[in-house]
Amino acid sequence: MKNAVFLGLCLHICTFVFAQEAGPFLDLSGAVPAGDKHVFSFEVSPYCADRIHEISGEKFKIPTIEINFNGIPLETKSCKTRGRSTLHFKRKSFSISLLEPFVLGEREIKKLALNSLVMDQHYYRNRLSFLLMEKIGIFKLENTFTELRINGRSAGLYLAIQKPEDYIRALNSPLLTRREYKGRYTLEYASCEDAREQVKRLRSIPKLTKALKGQQLFDSLNVVLHMDQYFKWLAFNYLIKNGDYTDELFLFLDSDENRFDIIPWDYDDIFQRQPHESYERRNKVLDHKLLFSGEAYLDIVIDKDSILYLKFLNGFQEVLALLTPEVIKETFEKVYAELQPYYTDKEIIAQSEYDHYGPTVLNILKEDLRHQFYNVLMQRKSIETIIEAELGRMVE
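The notes below deal with the structure included here. (Residues numbered from 1 in each chain as written. Predicted model: local features only at pLDDT ≥ 70, side-chain atom pairs only at ≥ 80, totals over all residues. Heavy atoms only, no water.)

A few words now on the sheet that holds strand E3 (residues 72–74). Strand order in the open sheet formed by 8 strands is E3-E2-E1-E7-E8-E6-E5-E4, with mixed pairing between adjacent strands. Where the open sheet ends on each side, the last strands, each with one partner, are E3 and strand E4 (76–82). Within the sheet, the average angular offset between the axes of one strand and its neighbour, ignoring direction, is 30°. Bridge count for strand E5 (residues 93–104) against strand E6 (residues 107–115) is 7 bridges, and the pairing is antiparallel. Across the sheet, residue Ser97 finds its bridge partner in E6, namely Lys111. Lying on the sheet, helix H12 (residues 325–343) is in contact with strand E7 (143–150) and strand E8 (153–162); it crosses E7 at an angle near 10°. (Pairing = 2+ DSSP bridges. Helix = DSSP H or I, 4+ residues; strand = E, 2+ residues; numbered from the N terminus. Axes fitted to C-alpha atoms, helices over the stretch in contact; angles between N-to-C directions. Contact = heavy atoms within 4.5 Å.)

This is the structure:
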């Protein structure tokens, strides 16, 4: 508790300093009605309840389960624990498949993830990022905060999110893959006979970059991948200093255009001081400032090719035009208003003691939101200056 108080004091001082220079005041007095809280309920055997909490590092498929959402029974096909890091925590994340769709947000969905947010400090980073990416048109998965109750007891605060394969099926997309490190791709879903050939197009990107340059390279890449969307994604990752994004990207085949579009994923590592690989390693492969990480081969090519980098800067300007200080302010306030009813429920928030960062409380949430809000505004202002300078040098 002493550490939490000390952290709160430090954040308060930093927030005050940033607020003097960074623009609009963040109003954290709002809250959605307590009756608008969402609740997922699991009914499982006592044995399964114990296994969910106690098993570590292994996935566990729940053999028999009844699931309700806001009191409405869902016809469950399967439910199992999921994730990489979260499998080692008491509060597990879950992957759920349904026999019949239910309404989450504005869509009917049949596949979703219940993410325990154990690695999401103060629980707001994923939801905030998703809302901001909606504003720039690169994120469309339904998602919402929810409590999870298992056999009548609170398991804490979760984020319910539509799974990428559920989203792309509604678009009649026949293919979903996930980008991994070192140019690898994991096939997540395929309903087309040429799935392997389509994924080969993504794997052929290094060959394109070695054979072509400038506008010809952009045109060839744009046939394979929606480059404008990719540029915006890179720009957003820099704006919010996403420390781990290279392998947190799904790509689906747009059947109408016969090229891949993006679905970003996992934003609990934002507001980082340095990229996943460290600044030392990043600076060995990248020359420009506005790419946060150099782990992906394509990002290095964008940094080196003047035409690609110019188009990236133009995309960055589009992102900033959409994410104005007022839009950022409204988004931070919306996330707080959504979280506040869960934070004031002692049974829910008590479960935070099992999370990676330990217990959280409402006052510390407020201070962290204010601190990061002004940091983002300062970052945005700095980026505008850097873009102007880099565009000036490229014209010269």
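Take the side chain of Glu147 next. Relative to the assigned elements, Glu147 resides in strand E7. Within the structure, Glu147 has its side chain in polar contact with the side chain of Arg149 (distance 2.7 Å). (Polar contact = N/O pair within 3.5 Å; in protein donor to acceptor, adjacent residues only side chain to side chain.)

This next bit is on the state of the cysteines. The tally for this structure, following the rule as stated, stands at 0 disulfides. Of all cysteine sulfurs in the structure, the one in Cys48 sits closest to Cys79, which takes part in no disulfide; the separation is 9.9 Å. (Disulfide = S-S within 2.5 Å.)

Note on aromatic pairs: each is described by the distance of the centres and the angle between the planes. All chains considered together, the criterion is met by 24 aromatic pairs. Ring geometry for Trp233 versus Tyr245: centroids 5.3 Å apart, planes at 85°, classification edge-to-face. One end of the pair, Trp233, is in helix H8 (residues 227–239); the other, Tyr245, is in the loop between H8 and strand E11 (249–254), with 12 residues separating them in the sequence. Judged by relative accessible area, which is 0%, Trp233 ranks as buried. A relative accessible area of 2% means that Tyr245 is categorised as buried. With 6.1 Å between their ring centres and 80° between their planes, Tyr279 and Phe292 make a pair best called edge-to-face. Linking Tyr279 in helix H9 (residues 279–285) with Phe292 in the loop between H9 and helix H10 (297–304), this pair joins segments that are 13 residues apart in sequence. Of the residues examined, Phe292 reaches a relative accessible area of 1% and is grouped as buried. A connected cluster of aromatic rings, assembled from ring pairs, spans Phe218, Phe231, Tyr238, Tyr279, Phe292, Tyr309, Phe312 and Phe316. (Phe/Tyr/Trp six-rings, centres within 6.5 Å; stacked < 30°, edge-to-face > 60°. Buried < 20%, exposed > 50% of the residue type's maximum accessible area, 1.4 Å probe, protein only.)

This part takes up the environment of Gln372. Mapped onto the elements, Gln372 comes out in helix H14 (residues 362–395). Its relative accessible area of 9% is what places Gln372 among the buried residues. Once you skip the residues sitting within four places of it in the chain, Gln372 turns out to touch Tyr124, Arg125, Phe271 and Phe332.

Contact geometry of helix H7 (residues 214–224) with helix H11 (residues 306–322) gives a least axis separation of 7 Å together with a crossing angle of 60°. In this structure, H7 contributes Gly214, Gln215, Leu217, Phe218 and Leu221 to the contact, and H11 contributes Ile307, Leu308 and Lys311. Looking at side-chain class alone, the contact of H7 with H11 contains 5 nonpolar, 2 polar and 1 charged residues. (Nonpolar A, V, L, I, M, F, W, Y, C, P; charged D, E, K, R; others polar.)

A word on the pairing of E6. What sits between E5 and E6 in their antiparallel hairpin is a turn of 2 residues, with Gly105 showing a positive phi close to 70°. Pairing of E6 with E8, which is carried by 4 bridges, proceeds in the antiparallel orientation. Along E8, the bridge assignment pairs Ala113 with Ile161.

Here we come to the sheet that holds E11. Spatially, the 4 strands line up as an open sheet ordered E10-E9-E11-E12, and their pairing is antiparallel. Since the sheet does not close on itself, it has two edges, and those belong to strand E10 (185–190) and strand E12 (259–264), each with one partner. The sheet shows a mean angle of 30° between the axes of neighbouring strands, taken without regard to direction. Sheet topology places strand E9 (residues 175–179) next to E11; 4 bridges connect them, and they run antiparallel. Along E11, the bridge assignment pairs Leu176 with Phe252.

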